[in-house]
Amino acid sequence: LFPGVRQAQWLTKTKLVEGLPPAVQGIMDNPALGLQELEERAKHAVSHARLWDTAQVAPRREQYCPVLFENLIHICRLMSGKYPSLSKRMLARNCRIAATWERESILLQVRGLSGILMNSMTPIPPVASKEEILATKEHVLETFYPIAPTIDLQEVNVYKELNDRGFRDGYPYSHPHTLFFLESANVRTDRFRPEQLRAKMLMFAFGNALAKAKALHGDDPKVLEQPVVVQSVGTDGQLFQFMVFQLNTTDLVSNDGIKNLVWIDSDQNLYEKAQCVPEVKKRVVTKPAGISGFQPDTFKKFLALYLHGTV
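Model, not experiment: these values are computed from the prediction.

Student: Help me understand the packing of aromatic side chains, please; the structure alone is not making it clear to me.
Tutor: Aromatic rings in a pair are described by how distant their centres are and how their planes are angled relative to each other. Under the defined criterion, the tally for this structure stands at nine aromatic pairs. In this structure an aromatic cluster arises from ring pairing among F69, F180, F240, F242 and F302. Between the NZ or CZ atom of R50 and the centre of the ring of Y64, over which it lies, the distance is 3.8 Å. Its guanidinium or amino end placed over the ring of Y306, R89 lies 5.2 Å from that ring's centre, counting from NZ or CZ.

Student: Teacher, can you tell me more about a nonpolar patch on the surface here?
Tutor: Together, L107, V156 and V158 make up a nonpolar patch on the protein surface, roughly 230 Å² of accessible area in all. If you trace the backbone, V156 turns up in the loop between α5 (130-135) and β6 (175-182). We classify V156 as exposed; its relative accessible area is 53%.

Student: Please clarify how the pairing of β6 should be interpreted in this entry.
Tutor: The side chains of a regular strand alternate, first on one face of the sheet and then on the other. Of all eight residues in β6, seven are buried, a share of seventy percent or more. Bridge analysis of strand β5 (residues 116-120) against β6 gives five bridges, and the strand direction is antiparallel. Pairing of M118 across the sheet is with T178, part of β6. In this structure, β6 lies alongside strand β7 (residues 223-235), joined through five bridges in parallel fashion.

Student: What is the right way to look at the layout of surface pockets in this model?
Tutor: Take a probe with the size of a water molecule and roll it over the atoms, and the empty space left behind shows itself. Here the largest pocket defines a volume of roughly 780 Å³. Looking at the largest pocket, it is lined by 23 residues, and the ones nearest its centre are L108, Q109, V110, L153 and Q154. When contributions to the lining of the largest pocket are tallied by element, the ones reaching two or more residues are β4 (106-113) and α6 (194-217). Looking at which element gives the most residues to the lining of the largest pocket, the answer is β4, with six residues. Classifying every residue of the lining of the largest pocket by side-chain character gives 15 nonpolar, four polar and four charged. In this model, the second largest pocket occupies a volume close to 290 Å³. Surrounding the second largest pocket, 16 residues form its lining, R165, F167, D169, K212 and A215 being those nearest its centre.

Each value, and the rule that gives it
- Residues numbered from 1 in each chain as written.
- Predicted model: local features only at pLDDT ≥ 70, side-chain atom pairs only at ≥ 80, totals over all residues.
- Heavy atoms only, no water.
- Phe/Tyr/Trp six-rings, centres within 6.5 Å; stacked < 30°, edge-to-face > 60°.
- Lys NZ or Arg CZ within 6 Å of the ring centre and 35° of its normal.
- Patch = residues over 30% accessible without salt bridge, like charges linked within 9 Å, V, L, I, M, F, W, Y side chains within 5 Å.
- Areas by Shrake-Rupley, 256 points an atom, 1.4 Å probe, with all protein chains shown as cover.
- Salt bridge = Lys/Arg side-chain N within 4 Å of Asp/Glu carboxyl O.
- Helix = DSSP H or I, 4+ residues; strand = E, 2+ residues; numbered from the N terminus.
- Buried < 20%, exposed > 50% of the residue type's maximum accessible area, 1.4 Å probe, protein only.
- Pairing = 2+ DSSP bridges.
- 1 Å grid on protein atoms, 1.4 Å probe; cavity = no way out; pocket = protein on both sides within 12 Å on 5 of 7 lines; lining within 4 Å.
- Points joined across faces, edges and corners; volume = space filled by probe spheres on them.
- Nonpolar A, V, L, I, M, F, W, Y, C, P; charged D, E, K, R; others polar.

As far as function goes, none of this settles anything; it's purely spatial.
Okay, structure coming up:
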């Protein structure tokens, strides 16, 4: 999506709210959860991914980005001792999604691999109140006139309108919780730019929420009595994007009425720099190897999204 999140907002009939919702922020700010106790582990996780888990002088992004993700997920799982319901989660890799909807007179589809998907036995509760949802009626969606909002979308012949999350009926972990997108290509031009990554995160969070809503409530367009919430996290191994999406309606044809909601916290560095090799001048180490500028709040946001829906 060339225009990025603005185009994704129009395609999904969504209002943007900057920052994370109060429900997630409350988890971060709750001292009783002891999130600070895990900060040192998170620092070691970064050092392990960037400095230790390689025989090379410096690991490539395609190596350290997935290792960092696995390390952070491992730290999150340590909280299951305090909150046993966290064990009722499952990570699905290479999961395919198909979701179809009509926007104005255009038939749209999201199809393809939707990153690493964490599913749960129970859904995330709505993060916006009924009053906040009703207030979205007044929101005016941005248009791109005279440019069509579908300008750079791929046109295909659709022979079957699919709404499928890729899981069989009866799968116990049936509720989408969080999507993780790892932009681990070593060459910069092969990676999504942050704005395009956020648009991709929004489209696939919406697709998973829409497919789930249609499985629960049928294909008829309607305002949902119980909104569907799906989260998304994107990273290149250093810079993180955080998102919480709430599907309030499957009535997407017109610009009028209830809108969906998305909260986005953009461009959060987990650390400033990884010095893989010490810098030496005149036989004196001027910059030792190590991680500098570790940002504990970015780690807390990652952990808070993981805990959201349980804590």
